[in-house]
Amino acid sequence: MVVLLRSNPNEKQLENLVHWLESRNIEVHPTVGASQTILGLIGDTSTLDIDLIRALDIVEDVVRIQEPYKNANRKFHPDDTVVTVGGKNSTPTKIGGGNFAMIAGPCSVESEAQICDVAAAVKTAGATMLRGGAFKPRTSPYAFQGMRAEGIRLLLEAQEKTGLPIVTEIMDADQLPLFEDVDMIQVGARNMQNFELLKKLGHTDKPILLKRGLSSTIEELLMSAEYIMAGGNQNVVLCERGIRTFETVTRNTLDIAAVPVLHGRTHLPVVIDPSHATGVARLVAPLSLAATAAGADGLIIEVHNDPAHALCDGPQSLTPDAFAALSKQVDALRGAMATV
Ligand code: PEP
Ligand code: MN
């Protein structure tokens with residue numbers, strides 16, 4: 001339920017309303033927006049008398065939220081959420097509310113030279129964050145599983161050298177101590193509904209990049225975000241990375257509509273991963289531009305200094321030069337969009 005307040009509400013009356021709601025075991029989440037202050041109510045609101053609340057001088061309206069996700073709901077928080085990533089050992093960067101994230105780096109960390117060279121190259125090309133997998137969810141148990149703790153150590157070295165905030169995937173909550181200096185934690189598509197992991201991440205204060213599951217609906221993605229937010233962590237960025245359809249010419253099918261659909265339903269930022277969505281390097285630039293035009297809050301793109309010899313996802317990886325060219329096109333497109 002959401003209580004929309006009139007402008008400049010009487011403070012004493014507001015305090016009384018909040019105390020009364022809290023005494024009925026309702027959590028009250030106030031949001032001071034640009035145009036209106038609202039109170040988001042979480043708990044069993046079924047017994048509250050809406051007409052009684054609506055009759056208060058300070059209240060303009062009361063709206064019941066039908067959707068099962070509350071914290072993530074735009075009705076609960078009308079303004080875009082801006083997630084700040086980094087700042088402890090890196091240059092802070094913002095995602096959402098007009099701040100565009102350009103996240104780039106290899107699928108997997110493979111060596112010190114590889115991650116540091118790619119980090120320097122993507123930074124020069126305009127990346128705002130560095131990606132790189134240390135714990136890799138691979139379909140085959142015989143495929144390269146990532147450098148694990150050593151991979152995180154090398155990412156932190158690249159973070160220190162470039163100042164870029166880093167994002168890397170967690171596969172199990174037991175790995176959390178290794179993520180102490182990681183700027184943003186990625187929950188991969190295969191773990192989107194690992195609810196125990198999501199609950200534990202909800203108790204951290206790290207920004208989370210939550211990828212949509214291979215066969216998950218938009219509502220399921222929002223419910224997974226809700227798991228993290230219900231624990232107290234509001235710093236969630238959603239990522240559409242392609243879903244399974246009957247089409248086989250691309251690795252997955254990019255759901256571009258997810259960008260405006262999510263923007264309507266949630267205040268959380270939405271980034272697009274055109275690399276896993278297509279599996280084909282040649283398709284990464286056109287889909288990046290399409291995602292930007294659709295209003296995405298950022299892109300996460302796989303870049304490798306030697307795609308032909310990458311240990312993971314070489315065919316979908318851009319070279320640093322191709323990424324630099326794409327980065328210029330994205331900037332130009334955003335510039336053009338800002339003028340119309
Ligand atoms: C990745 O980003 O490296 C990855 C494994 O992505 P996804 O979980 O979307 O498949
Ligand atoms: Mn990959």
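Heads up: the structure comes first, above all this text.
Residues numbered from 1 in each chain as written. Chains lettered and ligands numbered in written order. Predicted model: local features only at pLDDT ≥ 70, side-chain atom pairs only at ≥ 80, totals over all residues. Heavy atoms only, no water.

Novice: Would you mind going over the site of ligand 1 in detail, with residue names and values included?
Specialist: In the neighbourhood of ligand 1, the contacting residues comprise Arg131, Lys136, Pro137, Glu169, Gln186, Gly188, Ala189, Arg190, Lys211, Arg241, His276 and Glu302. Lys136 is positioned with one of its side-chain polar atoms (N or O) 2.8 Å from an oxygen atom of ligand 1. Interatomic distance of 2.9 Å between a side-chain N/O atom of Lys211 and an oxygen atom of ligand 1. For ligand 1, whose free accessible area comes to 290 Å², the fraction covered by protein is 97%. Of the residues in the shell around ligand 1, the class split is two nonpolar, three polar and seven charged. (Near = heavy atom within 4 Å. Polar contact = N/O pair within 3.5 Å; in protein donor to acceptor, adjacent residues only side chain to side chain. Areas by Shrake-Rupley, 256 points an atom, 1.4 Å probe, with all protein chains shown as cover. Nonpolar A, V, L, I, M, F, W, Y, C, P; charged D, E, K, R; others polar.)

Novice: Before we move on, can you summarise the coordination of the manganese ion (ligand 2) with the specific residues and values?
Specialist: On the protein side, the manganese ion (ligand 2) has Cys107 (SG), His276 (NE2), Glu302 (OE) and Asp313 (OD) as donor atoms, found 2.0 to 2.4 Å from it. Between consecutive donor residues of the manganese ion (ligand 2), the sequence gaps follow C-x168-H-x25-E-x10-D. Of this pair, Cys107 sits in the loop between strand S7 (101-105) and helix H3 (112-124) while Asp313 sits in the loop between strand S14 (298-302) and helix H10 (320-339), and the two are 206 residues apart along the sequence. Asp313 matches Cys107 in its accessibility class, with the two residues each being buried. (Donors = N, O, S within 2.8 Å, 3.2 Å for Na, K, Ca; no water. Helix = DSSP H or I, 4+ residues; strand = E, 2+ residues; numbered from the N terminus. Buried < 20%, exposed > 50% of the residue type's maximum accessible area, 1.4 Å probe, protein only.)

Novice: Mind laying out unusual backbone geometry, listing which residues take part and the relevant values?
Specialist: Most peptide bonds adopt trans geometry, and most residues besides glycine take a negative phi value. If you check the backbone angles, Asn25 has positive phi at about 65° while not being a glycine. Mapped onto the fold, Asn25 is located in the loop between helix H1 (11-23) and strand S2 (27-32). The backbone of Asp313 shows a phi angle near 60°, a positive value even though the residue is not glycine.

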